[in-house]
Amino acid sequence: MDFKVADLSLADFGRKEIQLAEHEMPGLMAIRKEYAEAQPLAGAKIMGSLHMTIQTAVLIETLVALGAEVRWVSCNIFSTQDHAAAAVVVGPNGTVDDPQGVPVFAWKGETLEEYWWCTEQALVWPGGDGPNMILDDGGDATLLVHKGVEYEKAGAVPSAGEDDAEEWKIILDLLRRTVGPDKKWTEIASRIKGVTEETTTGVHRLYEMFKAGSLLFPAINVNDSVTKSKFDNKYGCRHSVIDGLNRATDVLIGGKVAVVAGYGDVGKGCADALKGQGARVIVTEIDPICALQAAMDGFQVTTLEEVVGIADIFVTTTGNFDIITADHMSKMKHNAIVSNIGHFDNEIDMAGLARIPGIVKTEIKPQVHTWTFPDGHQILVLAEGRLMNLGCATGHPSFVMSNSFTNQVIAQIELFTKTEQYPVGVYVLPKHLDEKVARLHLDALGVKLTTLTKAQAEYIGVDVEGPYKADHYRY
Ligand code: NAI
């Protein structure tokens, strides 16, 4: 088996944590039981690009339990938990000397070149007969395949512009190496039945490609299952934003001024958590509806410029770019903490920060750096501007990821087994499946549901068995 992880000897530790996580992931374990015999993913060759954590290990082993063959990479250079990666490679029945699990290409602290090399390894299957499905988080695997096909059609890979981001230059170099007359990417794309996408930013990319007419295969938008974005993005970040801050700095949050940029699902979770710790939370927004929500939730809403000099902690949650600029950072208080929890690192202008003449970057520990300005004051930047909950801590806890990943598995089964029902486009799972995911998590929390009477069901116009809401309902 080909694979590349940091240290296989961590597999035993990883396996113990996987076993603990399984207990906290009732949705995934119920799906394993439900489909043990039917093996709906037999024949599926799934390339996964999603943070290689303990929770993801339970997802991977669920896909395998349903019959799939899998190859995996992380979707961020800092988010891999090396013991999880090792345990997945060794597998539940293998040993360090005889690994029998799943090929993983991921380790914590990859360079960007290594990151894209890993993505390529997981997309190119030995024997050339896979993958036929992608499970993506943020859309990098989908992007690489699409760009490969685009440049094979054009017959050449464009040169990078001077101002292009470093990462884009690396992607172009990779494609220059691999785009050729054998049309490797076109062949890879032709085998793919579809992609299931985990996060807001990846889903945004998919709708853009569909609108532009360039999407090559159908996609299921897992993010917008209610049991994903209204849980993982909100309650998951409510947990892991504090975890990231604590593990990185252990600064007392109570009494501090914290700025949360963006009040979408992730922003709502982060603001709530910081408020819970006793911080005075200030929100920035561009959308009047979300701004009004933040105001009614009791937060001051203003512009970053107004408060950049008084805040102690900054968290960007927008999925947009250039939210905190180098100019903003130069005006911050001494030891202000600057962090991002959105998918990509361009929410904070790290390149601009590095270009300030005389600025000095010092590593406190991996993923925690001070940047000292020529006047002597400094700021702390977490995870080099990459998502801090996975860079500085271990991401969301298992229970909430069980909701997200149960949607992922159901979406993979849908697209793989009912391919002809999904022409190229971007779809969300039907509501009855969303309700099923929630239902699978109730017992573990001791939740007792009220059952509708037939008359009540008729009165509100739903079936006793659900779905209980119309598609336009917003939760
Ligand atoms: P969302 O679309 O619900 O929220 C983003 C909010 O930011 C919106 O309300 C938007 O109006 C606002 N916004 C956009 N530009 C802004 C600007 N210039 N200033 C202030 N506000 C601005 O998206 P969601 O689901 O909250 O996701 C946000 C990001 O977090 C995405 O990149 C997503 O992929 C990522 N994500 C990260 C997770 C993690 O564990 N780190 C988990 C889930 C999502």
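The name given to the chain in an unreviewed UniProt entry is Adenosylhomocysteinase, with the source organism recorded as Streptosporangium carneum. Quoted verbatim from the Function (unreviewed entry) heading of the UniProt record, the comment on the chain is "May play a key role in the regulation of the intracellular concentration of adenosylhomocysteine." Entered under Pathway (unreviewed entry) in the UniProt record, the comment concerning the chain runs "Amino-acid biosynthesis; L-homocysteine biosynthesis; L-homocysteine from S-adenosyl-L-homocysteine: step 1/1."

S.K.: Give a description of the packing of helix H3 (residues 54–65) against helix H17 (residues 398–417) that names residues and reports values.
M.R.: Close contact between H3 and H17 brings their axes to 10 Å; oriented N to C, the two are set at 30°. One way to sum up the angle between H3 and H17 is to call them roughly parallel. For the element pair H3 and H17, the recorded crossing hand is right-handed. Of H17, the residues touching H3 (which contributes Gln55, Thr56, Leu59, Thr62 and Leu63) are Ser398, Met401, Phe405, Gln408, Val409 and Gln412.

S.K.: Account for the site of the ligand, naming residues and giving values.
M.R.: Around the ligand sit 25 residues, and of these Thr199, Thr200, Thr201, Glu285 and Ile341 come closest. Between Ile341 and the ligand, the recorded distance is 2.8 Å, taken from a backbone N or O atom to a nitrogen atom. The protein chains hide 84% of the 850 Å² of surface that the ligand would expose on its own. Here the residues of the shell around the ligand sort into six nonpolar, 15 polar and four charged.

S.K.: A description of the sheet that holds strand E12 (residues 360–365) should follow, citing residues and the corresponding values.
M.R.: Spatially, E9-E8-E7-E10-E11-E14-E13-E12 is the arrangement adopted by the eight strands of the open sheet, whose pairing is mixed. Lying at the two open borders of the sheet, with one neighbouring strand each, are strand E9 (300–301) and E12. In this structure, strand E13 (residues 368–372) lies alongside strand E14 (residues 378–382), joined through five bridges in antiparallel fashion. Bridging from a neighbouring strand, Thr370 pairs with Leu380 of E14.

S.K.: Could you give an account of the layout of surface pockets, naming the residues involved and the relevant values?
M.R.: Using a probe with the size of a water molecule, rolled over the atoms, empty space left in the structure can be pinpointed. Here the second largest pocket defines a volume of roughly 290 Å³. As for the second largest pocket, its lining consists of 18 residues, and the residues nearest its centre are Val64, Ala68, Gln100, Gly101 and Val102. Mapped onto the lining of the second largest pocket, the elements with two or more residues apiece are H3 and strand E2 (69–73). Broken down by element, the residue count for the lining of the second largest pocket peaks at three residues, all from E2. Looking at the lining of the second largest pocket residue by residue, the class counts come to nine nonpolar, four polar and five charged.

S.K.: Help me get a handle on the pairing of strand E4 (residues 133–136), residues and values and all.
M.R.: On E4, burial covers both faces: Met133 and Leu135 on one face and Ile134 and Asp136 on the other are all buried. Bridge count between strand E1 (residues 45–49) and E4: four bridges; the pairing is parallel. Considered in E4, the bridge of Gly48 is made with Leu135. Strand direction decides the pairing type here: E4 and strand E5 (residues 194–197), joined by four bridges, are parallel.

S.K.: Now, about the sheet that holds strand E3 (residues 104–105): what can you tell me, with residues and values included?
M.R.: Taken in spatial order, the seven strands line up as E3-E2-E1-E4-E5-E6-E15 in an open sheet, and their pairing is parallel. Each end of this open sheet is capped by a strand with a single partner; those strands are E3 and strand E15 (426–427). In the sheet, E5 pairs with strand E6 (residues 219–221) via three bridges, with the strands oriented parallel. Looking at the pairing, Thr196 lines up with Ile220 of E6. Seen against the sheet, H3 touches E1, E2 and E4 and runs at an angle of roughly 160° to E2.

S.K.: Go over helix H12 (residues 288–296), please, and point to the residues and values.
M.R.: The set of residues buried in H12 consists of Cys290, Ala291 and Ala294. Buried residues of H12 fall within an arc of 105° about the axis and therefore sit on the same side. Facing away from the buried side of H12 by over 90 degrees, the exposed positions are Pro288, Ile289, Leu292 and Met296. Tucked into the core, H12 has its buried residues touching strand E8 (280–284) and E9. Once H12 finishes, Gly298 follows within two positions and takes phi at roughly 100°, a positive value.

The rules we used
As a convention, each chain's residues are numbered from 1 in the sequence order in which they are written. In keeping with the model being predicted, local features are shown solely for residues with a pLDDT of at least 70 and side-chain atom pairs are shown and tallied solely at 80 or more, while totals for entire chains, interfaces and linings include all residues. Side-chain measures were taken over the full set of non-hydrogen atoms in the model, leaving aside hydrogen atoms and water. UniProt positions are given in the numbering used here, feature names are shortened, and annotations may be inferred rather than shown by experiment. A fitted line through C-alpha atoms represents every axis, and for helices the fit uses only the stretch in contact; the resulting angles, taken between N-to-C directions, go from 0 to 180 degrees. Each helix is a run of H or I in the DSSP string that is no shorter than four residues. Each strand is a run of E no shorter than two, and both are numbered from the N terminus. Relative orientations are named as follows: roughly parallel for angles under 35 degrees, roughly antiparallel for angles over 145 degrees, roughly perpendicular for angles from 65 to 115 degrees, and oblique for any other angle. Take the far helix as the reference: if the near one is turned anticlockwise from it by less than a right angle, the crossing is left-handed, and if turned clockwise, right-handed. Residues are treated as being in contact if the distance between any of their heavy atoms lies within 4.5 Å. Nearness is judged by heavy atoms alone; a residue qualifies as near a molecule or strand once a single heavy atom is within 4 Å of it. The definition of a polar contact used here is a pair of N or O atoms within 3.5 Å, where within protein one atom must be able to donate a hydrogen and the other to accept one, and adjacent residues in sequence count solely through side-chain atom pairs. Working definition of accessibility: Shrake-Rupley area with a 1.4 Å probe, residue cover restricted to the visible protein chains. Think of it as three bins: nonpolar holds Ala, Val, Leu, Ile, Met, Phe, Trp, Tyr, Cys and Pro, charged holds Asp, Glu, Lys and Arg, and polar takes everything else, Gly as well. Strands qualify as paired when DSSP identifies two bridges or more between them. Method remark: on a 1 Å grid restricted to protein atoms, a set of points is classed as a cavity if a 1.4 Å probe fits but cannot get out and as a pocket if it is open with protein on both sides within 12 Å along at least five of seven lines; lining residues have an atom within 4 Å of a point. Grid points are joined across faces, edges and corners, and a volume is the space filled by probe spheres set on the points. Remark: exposure states derive from per-residue accessible area (1.4 Å probe, protein chains only) relative to the maximum for the residue type, with buried under 20%, exposed over 50%, and partly exposed in between. The arc in question is the one traced by the directions running from the helix axis out to the C-beta atoms.

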